[in-house]
Amino acid sequence: MNRAAHAFWLDSPGRGGIREVPLSGPGEDEVLVRSLYSGVSRGTETLVFRGRVPESQHAAMRAPFQEGDFPGPVKYGYLNVGVVEEGPAPLVGRTVFCLYPHQTRYVVPAGAVTPVPGTVPARRAVLAGTVETAVNALWDAAPLIGDRIAVVGGGMVGSSVAALLARFPGVRVQLVDADPARARTAEALGVGFALPGDALGGCDLVVHASATEEGLTRSLELLSAEGTVIELSWYGDRKVSLPLGEAFHSRRLVIRSSQVGTVSPARPGRSYADRLALALDLLADPALDALITGESEFAELPALMPRLASGDIPALCHLVRYDEATA
């Protein structure tokens, strides 16, 4: 059976629209999913919207079900929660998470969807992709009991990391951000907060997620001797300068990258599916609702994305709602 769905496409940098797209019935071992919610992360997705993906990273930055190519036209996104309408009997009627762009209905292999636990509301489940990034970062970082930790950058990824660190025993966790409004997010997540100039130093570990040169520099300043910065920021085509003279070598500081595209080598026995299932289990914590800071209808995406990309709407994760009228 042929039918139609509607999808948000980036037509060219800074301009997007909703297109009708053909949709075939699911084949064997495929599922047809009706979207309930999708999420827009202001980090990677707005960078894509502005056309700032370097040519050298076009292949690495492809989303699992992306169509088109950077800088556009491209259908991009990776935070989708929906209900399986057709497919293998064990999945029909289940609420599932999928790394799919913003689209009203879609067909994917059954193995590409992960059932959402009954303890996790569908709207909160859109955070699974970001919490998965945080899980991978903490596998890379390997924090220890009693560590003094700063998370620099209170965006969606940084706040997710802080939320998970709040569960570690005996650690001192401080969320550091230049925006005083992030103090409310930190309070909701159960961690401390500081502006960059007031942050506590002597850190064993700093997780950097501000995507700014200033934030990474401040992260190095907050470390104790032989401390480590886990770099989660992605700068697109921007160059970053760092003070690697001064005391960087004498204090034996470390900067280590972390990226969700591969499972942390610190967990060699874990698969992508294991990591995503863990992220969904962790989303049973209602404190993570603090990361959803706005919501709109799917039809509003063409007008919404420029405002998110410019910072006019200072969102962490912006929730996109779907209904039968747009399906």
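Quick note: structure is the one above.
All values derive from a computational prediction rather than experimental measurement. (Residues numbered from 1 in each chain as written. Predicted model: local features only at pLDDT ≥ 70, side-chain atom pairs only at ≥ 80, totals over all residues. Heavy atoms only, no water.)

Some points on the overall build of the protein
Link 1 in the chain: Looking only at helices and strands, the protein has eight helices and 17 strands in total.
Link 2 in the chain: A compact globule built from 327 residues should have a C-alpha radius of gyration of about 20 Å, and the protein, at 20 Å, falls within 12% of that.
Link 3 in the chain: Summarising its shape, the C-alpha atoms of the protein cover approximately 65 × 40 × 35 Å along the three principal directions.
Link 4 in the chain: Of all 327 residues assigned to the protein, the portion counted as buried reaches 49%.
Link 5 in the chain: Within the protein, contacts between residues at least 6 apart in sequence are counted, and of these 65% link residues at least 24 apart.
Link 6 in the chain: Put simply, the protein shows about 14,000 Å² of open surface, and 52% of that area lies on carbon and sulfur atoms.
Link 7 in the chain: Averaging the coordinates of the 29 positive side-chain charges in the protein and doing the same for the 36 negative ones gives two points 2 Å apart. (Helix = DSSP H or I, 4+ residues; strand = E, 2+ residues; numbered from the N terminus. Rg over C-alpha atoms; globule rule 2.2 N^0.38 Å. Buried < 20%, exposed > 50% of the residue type's maximum accessible area, 1.4 Å probe, protein only. Contact = heavy atoms within 4.5 Å. Areas by Shrake-Rupley, 256 points an atom, 1.4 Å probe, with all protein chains shown as cover. Lys, Arg positive; Asp, Glu negative; His and termini not counted. Charge placed at Lys NZ, Arg CZ, Asp CG, Glu CD.)

Here we look at the pairing of strand β6 (residues 80-86)
Link 1 in the chain: With five of its seven residues buried, β6 lies for the most part within the structure.
Link 2 in the chain: Two elements, strand β3 (residues 30-41) and β6, share six bridges in a ladder whose sense is antiparallel. By the bridge assignment, tyrosine 37 is partnered in β6 with valine 81.
Link 3 in the chain: Across four bridges, β6 lies against strand β7 (residues 95-98) in antiparallel orientation. Bridge assignment links valine 81 to a residue of β7, and that residue is phenylalanine 97. (Pairing = 2+ DSSP bridges.)

A look at the pattern of salt bridges
Link 1 in the chain: Counting across every chain of the model gives 17 salt bridges.
Link 2 in the chain: Notably, a salt bridge pairs arginine 62 with aspartate 69, separated by 3.0 Å at the nearest N-O pair.
Link 3 in the chain: A salt bridge links arginine 275 to glutamate 132; the nearest nitrogen and oxygen atoms lie 2.9 Å apart. Remark: glutamate 132 occurs in helix α3 (residues 128-141) and arginine 275 occurs in helix α7 (residues 272-282); sequence separation between them is 143 residues.
Link 4 in the chain: Residue classification places glutamate 132 among the buried residues on the basis of a relative accessible area of 6%.
Link 5 in the chain: Connected through salt bridges with shared partners, the residues Arg123, Glu295, Glu297 and Arg321 form a single ionic network. (Salt bridge = Lys/Arg side-chain N within 4 Å of Asp/Glu carboxyl O.)

Quick look at the side chain of threonine 217
Link 1 in the chain: You can see threonine 217 is positioned in helix α6 (residues 213-221).
Link 2 in the chain: If near-sequence neighbours (up to four positions away) are discounted, threonine 217 is found in contact with Ser241, Leu242 and Pro243.

Points about unusual backbone geometry
Link 1 in the chain: The omega torsion of the bond from phenylalanine 70 to proline 71 falls at 0 degrees, within 30 degrees of zero and hence cis.
Link 2 in the chain: Topologically, proline 71 is positioned in the loop between β4 (67-68) and β5 (74-75).
Link 3 in the chain: In this model, glycine 72 is joined to proline 73 through a cis peptide bond whose omega is 0 degrees.
Link 4 in the chain: Note that proline 73 resides in the loop between β4 and β5.
Link 5 in the chain: You will see that glutamate 226, though not glycine, has its phi angle at about 65 degrees, which is positive.
Link 6 in the chain: Its location among the elements puts glutamate 226 in strand β14 (residues 223-231).

Some thoughts on the packing of α3 against α7
Two numbers describe a pair of packed helices, the interaxial angle and the distance between the axes.
Link 1 in the chain: Running from amino to carboxyl end, α3 crosses α7 at an angle of 110 degrees, the nearest separation of the two axes being 8 Å. With respect to each other, α3 and α7 are oriented roughly perpendicular. When you trace α3 past α7, the crossing you get is right-handed. Between α3, through Ala128, Val131, Glu132, Val135, Asn136 and Trp139, and α7, the contact on the second element is made entirely by Tyr272, Arg275, Leu276, Leu278, Ala279, Leu280 and Leu282. (Axes fitted to C-alpha atoms, helices over the stretch in contact; angles between N-to-C directions. Parallel < 35°, antiparallel > 145°, perpendicular 65-115°, else oblique. Left-handed = near helix turned anticlockwise from the far one by under 90°.)

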